[in-house]
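Tertiary structure, described
Read off the chains here:
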Amino acid sequence: MPLVPDLFAQALNGLAYGVLLFLLSVGLTLIFGMLDVVNLAHGSYYMLGAYAGLTVIAASGSFWLALVLAPLAVALIGAVVERACLRPLYRRGALDQVLLTFGLIYVFEDLVKWIWGGRIRSIPTPALFAGSVTVWGATIPSYRLFVIAFGLAVAVALWAVIEKTRLGAIIRAGVFDSEMTAGLGIDIQRVFTGVFAFGAGLAGLSGVIAGPIQSAYPPMGASILVPALIVVVVGGLGSLKGSLAGSLIIGQAETFGKAWLPGASMLIIYVVMALVLLLRPQGLFGRPLK
Amino acid sequence: MTTRLRAIGWVLLVALAAVFPLWAGNYPVKLLQEILIWGIFAMSLDLLMGYAGMVSFGHSAFFGIGGYVAALALPKSAGLASALVLPAAAAALAAVVIGFFSIRVSGVYFIMLTLAFSQMFYAVAFQSSWLGAEDGIVGVPRPALLGRSLDQPLAFNVYLLGLIVLVTVLLHRIVRSPFGHVLRGIHDNEARMQAVGYAVNRYKLLAFVIGGTVAGLAGALYSQFVGSISPDAFLWTTSGEALLMVIIGGTGTLTGSLLGAAAFILLQSLVSSYTERWMLILGLTFVLLVLFAPGGILGALRGRVGLRS
């Protein structure tokens, strides 16, 4: 393929991957900012989303129904996990919660294997976007374009909610100082549950969307977690802007790495992370470290 | 229990374990050796976690480096240098570099950074053809000691036990030394230790390097035990399993980590002979332990004893 269309196609692929990472890392960074938990099981919600989507599609035949129902189901699971497992631990500090979420990875992964089996399952591309379009001489699967548009729409909607609504103000306040927010008469526990469920739901959404591109397989949760964590480190913990910027950077780095440096493609994102940490230890948009 | 009785008990235990292959079958011996190796690995993590308060999800980096260096060096020369010294030195070097970046931050940030670094080594091993790429290195020979090969189960068993005794004694001395007390002080209140005038970061880095070195040793033993090493050794879930062992045994107890490793490996072999759902049980154990028994086995035992007295 000539250089310019090739570049363009790669950039769009990277953008689509970046969007998936954004949907994942937004939840990760919000949950961290508010609950002070690195939710190691966040990738599990991504996996659960893909499999729940699979089931909805098998039952109804509609990808679009799966896109709505699967994230809701995953959000519900997230809410239950927060209430039942994380809440008793808030007083004991962040470490126990991190360890608990690590145990949950095994629980969820084995449950998925139990229910759906360990094979790779592909999720069919919705008929509406099954074709491809040619832009500037590059052939792009139209589903990729949908993913990009959808992800950017979610990003804009999120920004609007968080910056412009009362709920968003409460969430921002909670990320900044949850104790103080509770002191102002906000039921912070409910906000915690809500944010956790919302983050899990977004991860589930990301799983459904990723399905037609990457298929569903049980260890997908544990393997997507690492790039998502790197996005959060690069962008800065607890920062939404950072999570968007980090996702786009890591998405491009990974995609171009695969195309241009196939022998070291897996290494690129770590190099990016190390560079950012050297220049800005708190991440691109993070608050300065104390 | 007096110190002397306790010492006699330990010596008996070690002696019994050393001659275990004389009267036990192949499989139990394998289990014992696996426990010893993972016990060393878990203890090295407990030094970081239980004493210096640094929870690392990247400890597998050193385990993997030790394993790979031993696997590369042993076919060239079968001596102790390739079996133990080089792997430990390589792991120590890596620990200096990773530690330099990671100890500047703490808590969850530290967890994420160490995790990312270990995955970086996974990526390198996975994509380097000279490291066997995704298959890793197979056919790692056992070392020879004083001209005698350690191929026999009994000889290898004595070698492992000798090393674990050495490591245990060393780590015990370290945590009871002034250095160890400073580490505990940092664990309890880092800001105060800083204010009192300790170069906190230097202490943390040293602890990180000691822990990494011992973990490298464990990795080297692991590749000699299995006869191969693959990129999976670097996976962050390997660190997670070691963390679980430390927690089962009780953090900050060292010998508890040995118990934890034993419990983990015995449970695994027991459960997997009955059901395929080992991961589910492992995960639930982890969740329940964190929720209800944060002190681990030793913590629970000590709680009992404390109530009685």
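Residues numbered from 1 in each chain as written. Chains lettered and ligands numbered in written order. Predicted model: local features only at pLDDT ≥ 70, side-chain atom pairs only at ≥ 80, totals over all residues.

1. Comments concerning the overall build of chain B
Stated precisely, the cut-off is as follows: Put simply, DSSP H or I for four residues or longer makes a helix, DSSP E for two residues or longer makes a strand, and each gets a number counted from the N terminus. A radius of gyration in this sense is built from C-alpha atoms; the matching globule rule multiplies 2.2 Å by the number of residues raised to 0.38. Burial is judged by counting the other C-beta atoms within 10 Å of a residue's own C-beta: 20 or more makes it buried, 12 or fewer makes it exposed, and any count in between marks it as partly exposed, with every C-beta position built from the backbone. Distance between backbone-placed C-beta atoms decides contact: two residues are in contact if it is within 7 Å.
Each helix and strand counted, chain B has 14 helices and 4 strands in total. Its C-alpha atoms give chain B a radius of gyration of 19 Å, near enough to 19 Å, the size a compact globule of 309 residues would have. Along the first, second and third principal axes, the C-alpha set of chain B runs to 50 × 45 × 40 Å. Here chain B, with 309 residues, has 50% of them falling under the buried criterion. Partitioning the contacts of chain B with sequence separation of at least 6, the portion at a separation of at least 24 is 78%.

2. Digging into the overall build of chain A
Check the secondary structure of chain A and you find 11 helices and 2 strands. Put simply, chain A runs from its N terminus to its C terminus through helices and strands in the order α-α-α-α-β-β-α-α-α-α-α-α-α. Projecting the C-alpha coordinates of chain A onto the three principal axes gives extents of approximately 60 × 50 × 35 Å. With 290 residues in all, chain A has 51% of them scored as buried. In chain A, once contacts between residues fewer than 6 apart in sequence are set aside, the share between residues at least 24 apart is 76%.

3. So, the interface of chain B and chain A
Operational definition: Ten residues, namely Ala, Val, Leu, Ile, Met, Phe, Trp, Tyr, Cys and Pro, are considered nonpolar, four, namely Asp, Glu, Lys and Arg, are considered charged, and the remaining ones, Gly among them, are considered polar.
Across the boundary between the two partners, chain B contributes 33 residues, which contact 35 residues of chain A. Those elements that provide at least two residues to the side of chain B that touches chain A are helix H6 (107-127), helix H11 (236-249) and helix H13 (278-292) of chain B. Considering every element that reaches the side of chain B that touches chain A, the biggest residue donor is H6 of chain B, with 14 residues. A class-by-class count of the residues in the side of chain B that touches chain A yields 25 nonpolar, 6 polar and 2 charged.

4. What to know about the packing of helix H1 (residues 3-35) of chain A against helix H5 (residues 142-164) of chain A
All names here are of chain A. Spelled out, the test is: Axes, fitted as lines to C-alpha atoms, cover a helix only where it is in contact. Angles between the N-to-C directions of the axes lie from 0 to 180 degrees. If an angle is under 35 degrees, it is roughly parallel; if it is over 145, roughly antiparallel; if it lies from 65 to 115, roughly perpendicular; otherwise it is oblique. Left-handed describes a crossing whose near helix is turned anticlockwise from the far helix through less than a right angle; right-handed describes the clockwise counterpart.
Following both chains from N to C, one finds H1 and H5 inclined at 40 degrees, their axes separated by 9 Å at the closest point. The orientation of H1 with respect to H5, classified from their angle, is oblique. Where H1 crosses over H5, the two elements pack in a sense that is left-handed. Residues Leu12, Asn13, Leu15, Ala16, Val19, Phe22, Leu23 and Val26 of H1 form the contact with H5, whose own contacting residues are Arg144, Val147, Ile148, Gly151, Leu152, Val154, Ala155 and Leu158. By residue class, the composition of the contact of H1 with H5 is 13 nonpolar, 2 polar and 1 charged.

5. Some remarks on unusual backbone geometry
Residue and element names in this part refer to chain B. Even without a glycine there, the phi angle at alanine 133 is positive, about 45 degrees. Within the secondary structure, alanine 133 sits in the loop between H6 and strand S1 (137-138). Positive phi outside glycine occurs at leucine 254, with the angle close to 55 degrees.

6. Some words on H11 of chain B
Residue and element names in this part refer to chain B. Let me state the cut-off plainly: Each helix should span, by expectation, one fewer than its residue count multiplied by 1.5 Å.
The first and last C-alpha atoms of H11 sit 20 Å apart over 14 residues, in line with the 20 Å expected at 1.5 Å per residue. With 13 of 14 residues buried, H11 is to be regarded as a mostly interior element. Just downstream of H11, glycine 250 is the residue with a positive phi angle, here 110 degrees.

7. Digging into H5 of chain A
Residues and elements named next belong to chain A. In this model H5 runs 32 Å from its N-terminal to its C-terminal C-alpha over 23 residues, within 8% of the 33 Å that 1.5 Å per residue would give. Of the positions making up H5, those classed as buried are Arg144, Val147, Gly151 and Leu158. Against the buried residues of H5 lie H1, strand S2 (138-141) and helix H8 (188-214).

8. Notes on the pairing of S2 of chain A
Residue and element names in this part refer to chain A. Filter applied, for reference: By definition, two strands form a pair when at least two bridges between them are found by DSSP.
Pairing analysis gives 4 bridges linking strand S1 (residues 132-135) to S2, with the strands arranged antiparallel. Paired with threonine 134 across the strands is threonine 139, a residue of S2. What sits between the antiparallel neighbours S1 and S2 is a turn of 2 residues, in which tryptophan 136 has the positive phi angle 50 degrees.

9. Topic: the environment of glycine 221 of chain A
All names here are of chain A. Tracing the backbone shows glycine 221 in helix H9 (residues 220-235). Its 26 C-beta neighbours within 10 Å are what place glycine 221 among the buried residues. The residues contacting glycine 221, other than those within four sequence positions of it, are Gly43, Ser44, Tyr46, Met47, Ile105, Phe108 and Glu109.

10. A few points about the packing of helix H4 (residues 60-73) of chain B against helix H5 (residues 80-102) of chain B
Residue and element names in this part refer to chain B. Between H4 and H5, the least distance of the axes is 8 Å, while the angle of their chain directions is 145 degrees. Between H4 and H5 lies a crossing whose hand is right-handed. In this structure, H4 uses Ala61, Phe62, Ile65, Gly66, Val69, Ala70 and Ala73 to contact H5, whose residues at the interface are Ser82, Ala83, Leu86, Pro87, Ala88, Ala90, Ala91, Ala94, Ala95 and Ile98. Its residues assigned to classes, the contact of H4 with H5 comprises 15 nonpolar, 2 polar and no charged.

11. With respect to the nonpolar core
The criterion, for reference: Nonpolar core, as used here: buried Ala, Val, Leu, Ile, Met, Phe, Trp, Tyr and Cys residues forming one set through C-beta atoms within 7 Å.
In this structure, Ala50, Leu229 and Ile230 of chain A together with Ile40, Phe41, Ala116 and Ala218 of chain B are the most contacted members of the largest nonpolar core, which totals 200 residues. With 16 residues, the single largest contributor to this core is H1 of chain A. Excluding its chain neighbours within four sequence positions, the residues that come into contact with isoleucine 40 of chain B are Ile164, Val167, Val214, Leu217, Ala218 and Leu221 of chain B.

12. A closer look at the confidence of the model for chain B
Residue and element names in this part refer to chain B. Cut-off, in case you're wondering: pLDDT gives the predictor's per-residue confidence on a scale running from 0 to 100.
Per-residue confidence for chain B averages 87 on the pLDDT scale, and 95% of its residues sit at or above 70. Taken element by element, the predicted model of chain B shows its lowest mean pLDDT in helix H14 (residues 296-308) (59) and its highest in H4 (95). Note that residues 305-309 has pLDDT below 50 and, in this model, 0 contacts with residues that lie over four places away or in other chains.

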